[in-house]
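# Descriptive structure summary
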There are 2 protein chains.
Amino acid sequence: MESIKKILFKPNFYDQWENVKIAGWVASNRGNKKIRFIELNDGSTVANLQLVFKGEFDFELLDSLKPGSALKVQGTLKATPNSPQPIEMNVVEILEAKKVDEDYPIQNQEIKLETLRELPHLRHRTNLFRAIMLVRSTLAQEVHKYFAFRDFFYMNSPIITSNDGEGAGETFAVSDGNIEVPFFGKGNKATLGVTGQLHGESYAIGMNKIYTFGPTFRAERSNTKRHLAEFWMIEPEIAFYNLHDVINLADDMLKVVIANTLAKNKVEIEYLDSQNPGLIAKLTHFIETPLKIIDYKEAIEELAKVKTIFENQDIKFGLDLASEHEKYLTEKIYNGPVAVINFPKDFKAFYMHQNEDGKTVAAFDLLVPGVGELIGGSQRESDYNKLLNRVNELGIDAEDLQWYLDLRRFGHMLSSGFGIGFERLVMYVTGMENIRDAIPYPRTTGNIRM
Amino acid sequence: MESIKKILFKPNFYDQWENVKIAGWVASNRGNKKIRFIELNDGSTVANLQLVFKGEFDFELLDSLKPGSALKVQGTLKATPNSPQPIEMNVVEILEAKKVDEDYPIQNQEIKLETLRELPHLRHRTNLFRAIMLVRSTLAQEVHKYFAFRDFFYMNSPIITSNDGEGAGETFAVSDGNIEVPFFGKGNKATLGVTGQLHGESYAIGMNKIYTFGPTFRAERSNTKRHLAEFWMIEPEIAFYNLHDVINLADDMLKVVIANTLAKNKVEIEYLDSQNPGLIAKLTHFIETPLKIIDYKEAIEELAKVKTIFENQDIKFGLDLASEHEKYLTEKIYNGPVAVINFPKDFKAFYMHQNEDGKTVAAFDLLVPGVGELIGGSQRESDYNKLLNRVNELGIDAEDLQWYLDLRRFGHMLSSGFGIGFERLVMYVTGMENIRDAIPYPRTTGNIRM
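Since the model is a prediction, treat every value here as computed from it, not as a measurement.

Looking now at the overall build of chain A. Across its full length, chain A carries 13 helices and 16 strands. In terms of overall dimensions, chain A has C-alpha extents of about 85 × 60 × 40 Å along its principal axes. Taken over 450 residues, chain A has a buried fraction of 59%. Nonlocal contacts in chain A, meaning residues at least 24 apart in sequence, comprise 67% of its contacts between residues at least 6 apart. Entry remark: accessible area of chain A is about 17800 Å², with carbon and sulfur atoms responsible for 47%.

This is the structure:
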C-alpha cells in the first residue's frame, strides 16, 4: 500500500503508476450516478488524493460513503499538472469500504476548537488537527534525531519519584489504594516527577551528554491557555559545559529541529500559515536571526527606559520578568531570539551556579518573538558546600537530596542543562494559542476525557 | 571537545591529532613520580583512552586523582597499533581536575549487582552499566529512527487516564491530595495508564501508521526478575493491517533495530558478551533466522508429544502457554524466532479480532530463544456489535469504553498492532537477567530509590 504523501510529493521516488493500492478515509464526495470524485486522506499529509470513479461501479455504495468512511481502492495514477494537486487516481476497483454512522461528529471543517476538545479521539481527522499533530510528531522525531546524531545518551528519568525537583511545584501523589502498607514502602513519598533534570544530572556525570524526553506533571489547579497537568519535557544536561556552551546548544537545537520540520511538513505548515498568516515568516525569521545574549541587568535598563508602557512598572534589579517584559525584549528591542542571562538568585532554583557577585546565578531564559520564554536553563552549582548552603537557606529538606548533593563530591566538575516544554514548542511552530490543542489528549484540572 | 568514541573508533573521521581537548572521569591511575598512565572514560563508549603524563606535571595532583575524579586535559594523540587501544594521548597540559571524596562507592568493577541497585545514581559509572545503558539508549533511538524513516506518526498517549486498558491490570491512582474536590473532577477515575494502545488506536484511525513509546505502569505487588511498576512500552498500531502484516512489521522492526544497535555499540556488545558468553551468537542467530509462524493448535500438538518434560503437563486446547512451553517451542522445536497465532479467546484481551471458528482470536505472541515472549499483538475487532458483545460477556463497563467502541462506527475498517516492553528488549540485547538492571531508576514494590 502506498502513502498519499509519497504519491503527491515524492513522484520522483514513485515509479509504479498502475495497479496502485491506496486506503484512507473519505474527506469529500461529489458527482453523480455516472462519475464520482472522492477526496481521500490517509493521514500521511494534510493533502488529499482525488479518486475518480467512472464506468462500472456500485454508485449506490459510492453515494453512501460520507466523510469519515474508510475506503480501499486500486487504480491508475494520472498526472494533472493544471489541478491543485499534481496527481489523481482513476479507480479500477473498490477493494473494500466501510461506512460511518450518521452521528459521526466530524462532518465539516467549521467545528469550533472548544467542541473539538470534547472529541480528542476524533479531532485529528480535521485538516487543522491533522496538520498540528503531524508537525508535533515530526518535531519529536527531529529532536531525537538531533541528539542521536550528536551522540547524546537518551535518558529515561523515572516518572514516579520521591524527589520533587525544585521543591516548589504542586505534585500528584501515586498510590495503589493501600494506605496501611504503601506500595513503595512506609514513609516513602511517591509522586509524579515535575522534572527529569536531577536524575538527568546524575547520568550526565559519567555519560557526559544526555537528554531526557518524557512526560512531567504539575498539579496546579489553574485553567490557563499555557498550562497542562501532564506535558512532555526535553531536558538535555551536559558535563563540562558552561552557561555559554549550553545556550549555544539550545539555540542550535531549536533552529535545526524547526528548519527540518518546516522541510518535512511543508504542506502542513503552509496549511497552518493559511489559518494563521505570518506563521512561516515568523519561523523563517527565527531560524535566520542569530541569537543575542544579554545580561539581565542590561535587560532591566532597556525596559526601564520605556517603563510606562507596562502594566508592571516597578522595573529594577530584582524584578522577575513578566510575560509583557519578555515579549517586549524579544519583539521590540531585539527583534529576534534573545537569551537573558545572570538573573538574581532570589527567583531562580537552588541548583543554579552562584556567580561571584553573590547576587546572581548563571541562568538563562531563551525568549522568542510571539511566545516569550521558550527555554530555561543554567549552569549547575558544582561546589558541594555552596549548594548545601543554598538548600539550607531556602529551607529545602537536604536529606531527600543527599544523593544529588553527593554528585558534587563524586566527579561533578561542571555541568549545564536546559528544559523545554515540548507542547510550548508545538504551539510556537503551529501557531496555536491554546496548549490543549498541542497534545492529543490534554489533561487539565477537571478534564480527563478518555 | 572530542569524544573518546570518535577518537578510538572513527579515526578516519578524525584529522586533528594535536591540541586535542578531552574531558572525562578517571577509570584507573598507575605510574610513579616521573611518568603516569591514567585511563580516562567520557561515557561515549565503554572503552577508555589512555593518557600519558611525562615531563613537567604536578605529580602530586595526578597522584590524588582516584577513580571517579573528573579531569580535563589537552594533548597530542599517538597511534599505538600494538596496544589494546589503537590510540593514546600524550598530555601537554592539565586544564582542570576535580578529586572525588574517599567514600566514592564505585572503587572497582567487582561490586555485586544487588549493591549497585542501591546506587542507581552512580552505577552507570561501572563498565557493566555503562555498556548496558549505552545499548539501551541506542535501542530507543533506533526504534524512533525505524518508525520515523517509515513515516509512522509518533503518538503520545496520555499517561494519566480514566481508562485502564485491558481492565485487568492493577492500576495506580493519581491525586493531588484533595479528596473532597478531586483534581480531575468528581466521579472521574484518574489512574496511570497500563497501555497506550486504546488511545493509539484512535489515532491509527485517521493517521494510519502510528507508534507510541512512553512509560506505562502496573501496581502489582510481586517481586520478580521480569516485572517493574514503571516500564516503557513501544506500541505500534496500523490501520488496514491484518494479523500477518503486523507480525511481519514486528519481526522486521526487531531485526533492524537490533542489527543497527550491534553495529553502533560494537564495543559495548563485545564487553557484554565477555560477561555473558554467547550473547553475540544468540543475537546474530536471531537476526539471520527467518521468522516461523505457527498456529496455536499446531504448537499444542508439538508440545503434547513431549509433555512429560514439563512441569505443567495438561497440554491441550485452552492451555495458556507458560514460560517453559514458550521457551521449548522457540529454542528446541524451531530453534529461532516463532510467532504463535490464533489463541483461544478465553485468555486474550477483549479487543482482539474474533476468528470465524468462534473459539480463537487473531492474536500473536512472538517468541525468541533465551527469553520466550518478547512481543504480543493482534488484529483488532472492527465490528462494533461483536466487540460490544465481548465487552459485555467479560463484564467490562461499556460506558467508560464508549469512545473506543465508537471508533468502530466511525471508519475502523481494519487495524492491527503490537506491544513490546522496552526493558524486556534491553534485557534480551544485553543478556541481563534482572529487569532492574535494564532501566536507570527501577521502581518496584517497596523500592523508590531517589
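That was the structure; now back to the text.
Attention now moves to the interface of chain B and chain A. With 106 residues of chain B at the interface, the matching set in chain A holds 106 residues. Both faces combined, the contact of chain B with chain A buries some 8500 Å², and carbon together with sulfur accounts for 62% of it. The interface formed by chain B and chain A contains 6 salt bridges. Note that Arg409(A) is salt-bridged to Asp101(B), the shortest N-O span being 2.7 Å. Here chain B is connected to chain A by 52 residue pairs in polar contact (both at pLDDT 80 or more). Considering every element that reaches the side of chain B that touches chain A, the biggest residue donor is helix α4 (residues 127-149) of chain B, with 10 residues. Of the residues contributing to the side of chain B that touches chain A, the split by class is 53 nonpolar, 31 polar and 22 charged. Looking at chain direction, strand β8 (residues 173-175) of chain A and strand β8 (residues 173-175) of chain B are connected through 3 bridges and run antiparallel. Note that in β8(B) the partner of Val174(A) across the bridge is Val174(B).

The next thing to look at is the environment of Glu235(A). All names here are of chain A. Tracing the sequence through the fold places Glu235 in strand β11 (residues 230-239). Taking the C-alpha atoms as reference points, Glu235 and Ile210, separated by 25 residues in sequence, lie 8.3 Å from one another. If near-sequence neighbours (up to four positions away) are discounted, Glu235 is found in contact with Thr195, Gly196, Gln197, Ile210, Tyr211, Thr212, Phe418 and Gly419. Separated by 2.7 Å, the side chains of Glu235 and Thr195 make a polar contact.

Residue and element names in this part refer to chain A. Here chain A is described as being made up of domain 1 (4-98) and domain 2 (123-437). Of note, the centres of domain 1 and domain 2, computed from C-alpha atoms alone, are 44 Å apart. Counting residues at the interface gives 10 residues for domain 1, matched by 10 residues for domain 2. Both faces combined, the contact of domain 1 with domain 2 buries some 690 Å², and carbon together with sulfur accounts for 56% of it. Run the count over domain 1 and domain 2 and you get 5 residue pairs in polar contact (both at pLDDT 80 or more).

Among the secondary structure elements, Ile258(A) is positioned in helix α6 (residues 243-264). Leaving out residues up to four positions away in the same chain, Ile258(A) has contacts with Leu283(A), Phe286(A), Ile287(A), Leu425(A), Tyr428(A) and Val429(A).

All names here are of chain B. With mixed pairing, the 5 strands of this closed barrel are ordered in space as β1-β2-β3-β5-β4. Taken over all neighbouring pairs, the strand axes of this sheet differ in orientation by 55 degrees on average, direction set aside. The sheet contact formed by strand β2 (residues 35-41) and strand β3 (residues 49-54) spans 6 bridges and is antiparallel. Each bridged residue has a counterpart across the sheet, and for Glu39 the counterpart in β3 is Gln50.

Moving on, we get to the side chain of Thr80(A). Residues and elements named next belong to chain A. Tracing the backbone through its elements, the reader meets Thr80 in the loop between β4 (70-79) and β5 (87-98). In this structure Thr80 comes out as buried when scored by relative accessible area, which is 8%. Looking at Thr80, its side chain comes within polar contact range of the main-chain oxygen of Gln85, at 2.9 Å. Once residues lying within four places of it in the same chain are set aside, the contact partners of Thr80 are Gln85, Pro86, Ile87 and Glu88.

Quick notes on the rules
Residues numbered from 1 in each chain as written. Chains lettered and ligands numbered in written order. Predicted model: local features only at pLDDT ≥ 70, side-chain atom pairs only at ≥ 80, totals over all residues. Heavy atoms only, no water. Helix = DSSP H or I, 4+ residues; strand = E, 2+ residues; numbered from the N terminus. Buried < 20%, exposed > 50% of the residue type's maximum accessible area, 1.4 Å probe, protein only. Contact = heavy atoms within 4.5 Å. Areas by Shrake-Rupley, 256 points an atom, 1.4 Å probe, with all protein chains shown as cover. Buried area = accessible area lost by both parts, 1.4 Å probe. Salt bridge = Lys/Arg side-chain N within 4 Å of Asp/Glu carboxyl O. Polar contact = N/O pair within 3.5 Å; in protein donor to acceptor, adjacent residues only side chain to side chain. Nonpolar A, V, L, I, M, F, W, Y, C, P; charged D, E, K, R; others polar. Pairing = 2+ DSSP bridges. Domains from an automatic or database assignment. Axes fitted to C-alpha atoms, helices over the stretch in contact; angles between N-to-C directions.

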